[in-house]
Amino acid sequence: MTSQTAPTGNTPSSDQILRAPKVLLHDHLDGGLRPATVVELARANGYSALPDTDPDKLGLWFREAADSGSLERYLETFSHTVGVMQSRDALVRVARECAEDLAADGVVYAEVRYAPEQHLEGGLSLEEVVEAVNEGFREGERAALADGRRVRIGALLTAMRHAARSLEIAELAERHRDSGVVGFDIAGAEAGYPPTRHLDAFEFLKRANNHFTIHAGEAFGLPSIWQALQWCGADRLGHGVRIIDDITVHEDGTVELGRLASYVRDKRVPLELCPSSNLQTGAAASYAEHPIGLLRRLHFRATVNTDNRLMSHTSMSREFEHLVDAFGYTLDDLQWFTVNGMKSAFIPFDERLAMINDVIKPGYAALKSEWLFKQAAPTSGSSPFGG
Ligand SMILES: O=c1[nH]cnc2c1ncn2[C@H]1C[C@H](O)[C@@H](CO)O1
Ligand SMILES: [Zn+2]
């Protein structure tokens, strides 16, 4: 009689990656629209500046235009998505579809960010923008549930780092913290706009015991990360990938961490890593060379994220697939990234723990045990949550 032992180090299939419960901490609402929705909203709202009105061609345009090797040029593509997100109906729709798309991708918890100050051109107030997006998220969660998929979305309010509204946006986040907004962020071009320009916003949030992340260490290096942590007091780093500049790998394989890299690892500072986005803005040359490989080996609190699903033509499943291809990651690795994400979320501790113990770990356990039942496995992979 032959016997089969548990597979170790085996590669998860695409179908398993899709069905795996996933956590997403860094995703921009205005970077994740469906191309067809951009076209329809532009038509409905008289926005005539789109580079193409065919959804497929427009999707490709976003991807190629964002593939510029520079963060500044990457950010220029957002004028079109922000341009069609200026009415209450548009915001509700985009948020609803975001929740539905994440749920369809097997995401169980997501924090989705956007900059309310960029959605006022149609006459909405900051409050109305937040209310519309929250409504859309709730609608999307309900629609997903009706389809047998569970997803929970929290909003992060972003202030643009080149502008001067960060304190106002921080106050807005504080007012809505019990109604769908779980934290704050700053985004936009990094070089020339240090996070310390927004100290008053961060001080306000700290006094209020609120949470915030800062885009830092993406296009600009260690000084930006150092300021975000030691001057501003960020709970997490948006990207933070340049922390690699403070890590030396010697020829004999030994690794030396500088003071800042040691601090980030010792304090378990979450890194919101976004591999595909980094390839487009030039922060990494290829998936195989992306610092996430080393950061995972060194046990930094690394998380995997999409950043902008439209511009990077990606999803959480695609990000995981790229990493599985590049580094040979197993379901255990994917679970590790997912648990890291959940531990680093801005919702209360008991809820994070329950998500880890009651949703994430059982989900991965079910996937990891599938090899035991191979001969009974269905041949179709229609619903990611069926069976
Ligand atoms: O990766 C990014 N780095 C800095 N800023 C970004 C990134 N992705 C999107 N943004 C900007 C453009 C959006 O309009 C804004 C709010 O989501 O945040
Ligand atoms: Zn981002």
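Fair warning: this is a prediction, and the values are worked out from it, not measured in the lab. All residue numbers refer to position in the chain's written sequence, counted from 1. Whichever chain is written first becomes A and whichever ligand is written first becomes 1, with later ones labelled in order. Where local features are concerned, this predicted model is filtered to residues with pLDDT of at least 70; where side-chain atom pairs are given and counted, the filter is 80 or more; whole-chain, interface and lining totals use all residues. Calculated side-chain values reflect all of the structure's heavy atoms, with hydrogen atoms and water omitted.

A. Main features of the coordination of the zinc ion (ligand 2). Here the zinc ion (ligand 2) is held by His 26 (NE2), His 28 (NE2), His 215 (NE2) and Asp 307 (OD), and the distances to it run 2.1 to 2.3 Å. Each metal's donors comprise the N, O and S atoms found within 2.8 Å of it (within 3.2 Å for Na, K or Ca). Water is not part of the atom list, so some coordination spheres may appear incomplete. Geometry is assigned from donor-metal-donor angles: four donors are tetrahedral when every angle falls between 85 and 135 degrees, four are square planar and six octahedral when opposite donors sit over 155 degrees apart with all other angles between 65 and 115, and any other arrangement is irregular. Because the angles between the four donor atoms bound to the zinc ion (ligand 2) fall within 83 to 171°, the donor set is best described as irregular. Every donor residue of the zinc ion (ligand 2) comes from the same chain, spaced as H-x1-H-x186-H-x91-D. In this pair, His 26 is assigned in strand β1 (residues 22-28) and His 215 in strand β5 (residues 213-216), connecting sequence segments 189 residues apart. Accessibility classification places His 26 together with His 215 in one group, the buried group. Strands are runs of DSSP state E lasting at least two residues, helices are runs of H or I lasting at least four, and both sets are numbered from the N terminus onward. Think of it in three bands: with a 1.4 Å probe and only protein chains considered, a residue is buried below 20% of the maximum accessible area for its type, exposed above 50%, and partly exposed in between.

B. The arrangement of the pairing of β5 in detail. The two faces of β5 match: Thr 213 and His 215 on one face and Ile 214 and Ala 216 on the other face are all buried. Bridging between β5 and strand β6 (residues 236-239) involves four bridges; their strand directions are parallel. Bridged to Ile 214 within β6 is Leu 237. Should DSSP find at least two bridges between two strands, the strands are taken to pair.

C. Main features of the environment of Leu 71. By the element assignment, Leu 71 lies in helix α4 (residues 71-76). Of the residues examined, Leu 71 reaches a relative accessible area of 4% and is grouped as buried. Contacts between residues were defined by any pair of non-hydrogen atoms, one from each residue, lying within 4.5 Å. Look past the residues within four positions of Leu 71 in its chain and what remains in contact with it is Gly 188, Ala 189, Glu 190, Glu 218, Ala 219 and Thr 281.

D. Spatial organisation of the UniProt feature "active site" (unreviewed entry) in the chain. UniProt positions are given in the numbering used here, feature names are shortened, and annotations may be inferred rather than shown by experiment. When the UniProt feature table is mapped to this numbering, "active site" (unreviewed entry) covers Glu 218. Looking at the element boundaries, Glu 218 is found in the loop between β5 and α10 (222-231). Once you skip the residues sitting within four places of it in the chain, Glu 218 turns out to touch Leu 71, Glu 190, His 239, Val 241, Arg 242, Ser 277, Asn 278, Thr 281, Ala 283 and Asp 307.

E. Region of interest: the site of ligand 1. Residue proximity to a molecule or strand is established when one non-hydrogen atom of the residue lies within 4 Å of it. In the vicinity of ligand 1, 16 residues are found, and the nearest of them are His 28, Asp 30, Gly 188, Glu 218 and Asp 307. In protein, a polar contact requires one atom able to donate a hydrogen and another able to accept it; more generally it is a pair of N or O atoms within 3.5 Å, and residues adjacent in sequence count only if both atoms are side-chain atoms. Glu 218 has a polar side-chain atom sitting 2.8 Å from a nitrogen atom of ligand 1. Between His 239 and ligand 1, the recorded distance is 3.2 Å, taken from a side-chain N or O atom to an oxygen atom. Relative to its free-state accessible area of 400 Å², ligand 1 is covered by the protein chains to the extent of 99%. Amino acids are sorted into nonpolar (Ala, Val, Leu, Ile, Met, Phe, Trp, Tyr, Cys and Pro), charged (Asp, Glu, Lys and Arg) and polar (every other residue, Gly among them). Of the residues in the shell around ligand 1, the class split is seven nonpolar, six polar and three charged. Per-residue and other accessible areas follow the Shrake-Rupley method at a 1.4 Å probe size, with only the shown protein chains counted as cover for residues.

F. Quick look at the UniProt feature "domain: Adenosine deaminase" (unreviewed entry) in the chain. Mapped onto this numbering, the UniProt entry annotates "domain: Adenosine deaminase" (unreviewed entry) at residues 21-361. As annotated, residues 21-361 comprises 47% helix and 15% strand, and the C-alpha atoms at either end are separated by 9 Å.

G. A look at the packing of helix α15 (residues 331-343) against helix α16 (residues 349-368). One way to put it is that α15 packs onto α16 with a least axis distance of 10 Å and a crossing angle of 170°. Accordingly, the angle class assigned to the pair α15 and α16 is roughly antiparallel. Contacts between α15 and α16 involve Leu 331, Asp 332, Leu 334, Gln 335, Thr 338, Val 339, Met 342 and Lys 343 from the former and Arg 352, Met 355, Ile 356, Ile 360, Lys 361, Tyr 364, Leu 367 and Lys 368 from the latter. Within the contact of α15 with α16, the residues separate by chemical class into nine nonpolar, two polar and five charged. Only C-alpha atoms enter the line fits that serve as axes; for helices the fit covers just the stretch in contact. Angles between N-to-C directions range over 0 to 180 degrees. Roughly parallel covers angles under 35 degrees, roughly antiparallel covers those over 145, roughly perpendicular covers 65 to 115, and oblique covers all other angles.

H. Main features of the nonpolar core. Leu 29 and Phe 184 are the most contacted members of the largest nonpolar core, which has 110 residues in total. The greatest single-element share of this core, amounting to nine residues, is contributed by helix α6 (residues 88-104). By nonpolar core is meant a set of buried Ala, Val, Leu, Ile, Met, Phe, Trp, Tyr and Cys residues that side-chain atoms within 4.5 Å join together.

I. How the structure looks around the side chain of Glu 272. Mapped onto the elements, Glu 272 comes out in strand β9 (residues 271-273). On the basis of relative accessibility, which here comes to 0%, the residue Glu 272 falls in the buried class. Within the structure, the side chain of Glu 272 is placed 2.8 Å from the side chain of His 26, a separation counted as a polar contact. Separated by 2.8 Å, the side chains of Glu 272 and Thr 213 make a polar contact. Beyond its immediate sequence surroundings of up to four residues, Glu 272 is in contact with His 26, Arg 113, Thr 213, Arg 236, Leu 237, Gly 238, His 239, Thr 303 and Asn 305.

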